[in-house]
Amino acid sequence: MTEKDKSLGRIIKQRRLMIRLTLQKLAILSMISVSHLGRIERGERFPSASILQRMAKPLGFEESALFSLAGYLSPPPAGGY
C-alpha cells in the first residue's frame, strides 16, 4: 500500500462524507461493491480507470479531475491553459 493509494482513498472518503453519501449508497450509484469501495477508501486497493469513471458522477467530480488526482492524467496548468 503506497502513500498515493492512501491519499486518493482519503480524498474519496472525505468527498463522500462531505456530500453525505453512505458507502452503501455510493456502491449502488456506482455499481461497485461496498467491500471494494471500503478497500479503496482505506488505501488497500487502487481503483482502475473504469472504477474511477463510475465513481466520479456520484461523488460530484469531473472525470478528468478524479483521473488527475489518481495520477492517470496530468493536472491542468495553473493558468487554466
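The present account deals with the structure reproduced in this document. In this text the structure is predicted, and so the values were computed from the model without any measurement. (Residues numbered from 1 in each chain as written. Predicted model: local features only at pLDDT ≥ 70, side-chain atom pairs only at ≥ 80, totals over all residues. Heavy atoms only, no water.)

Within the protein chain, the regular secondary structure consists of five helices and zero strands. In the protein chain, the order of α-helices and β-strands from amino to carboxyl end is α-α-α-α-α. Expressed as a percentage of the 81 residues in the protein chain, the buried residues total 33%. (Helix = DSSP H or I, 4+ residues; strand = E, 2+ residues; numbered from the N terminus. Buried < 20%, exposed > 50% of the residue type's maximum accessible area, 1.4 Å probe, protein only.)

Further remarks concern the nonpolar core. Counting residues in hydrophobic clusters, the biggest one holds 18 residues, and the most contacted among them are Ile12, Leu37, Leu52, Met55, Leu59 and Leu66. Among the elements that make up this core, the one with the highest residue count is helix α4 (residues 49-59) (five residues). Leave out the neighbours within four places in its chain, and isoleucine 12 touches Ile40, Glu41, Met55 and Leu59. (Core = buried A, V, L, I, M, F, W, Y, C linked by side-chain atoms within 4.5 Å. Contact = heavy atoms within 4.5 Å.)

Attention now goes to the side chain of arginine 16. In this structure, arginine 16 sits in helix α1 (residues 3-18). Reaching out from arginine 16, the side chain makes a polar contact with the side chain of glutamate 41 at a distance of 2.6 Å. Setting aside residues no more than four positions away along its own chain, arginine 16 makes contact with Leu21, Thr22, Leu23, Leu26, Glu41 and Leu59. (Polar contact = N/O pair within 3.5 Å; in protein donor to acceptor, adjacent residues only side chain to side chain.)

What follows concerns helix α3 (residues 34-42). Owing to its 3.6 residues per turn, the α-helix brings residues three or four apart onto one side. Where α3 is concerned, the buried positions are Leu37, Gly38, Ile40 and Glu41. Along α3, the residues classed as buried sweep out an arc of 160 degrees about the axis, all on the same side. One or two positions beyond α3, positive phi appears at glycine 43, with a value near 80 degrees. (Arc of directions from axis to C-beta.)

Of note in this structure, arginine 20 is not a glycine but carries a positive phi near 55 degrees. One can find arginine 20 in the loop between α1 and α2 (23-30).

Before going further, it helps to examine the pattern of salt bridges. Inspection of the entire model under this criterion finds two salt bridges. Among the ionic pairs, glutamate 41 bridges to arginine 16, the shortest N-O distance being 2.6 Å. With a gap of 25 residues between them, glutamate 41 in helix α3 and arginine 16 in helix α1 connect regions that are remote in the sequence. Residue class for glutamate 41 comes out buried when judged on its relative accessible area of 10%. Here arginine 42 and glutamate 44 are joined by a salt bridge, their closest N and O atoms 3.0 Å apart. The exposure class of arginine 42 is partly exposed, given its relative accessible area of 48%. (Salt bridge = Lys/Arg side-chain N within 4 Å of Asp/Glu carboxyl O.)

In short, geometric facts, not functional conclusions.
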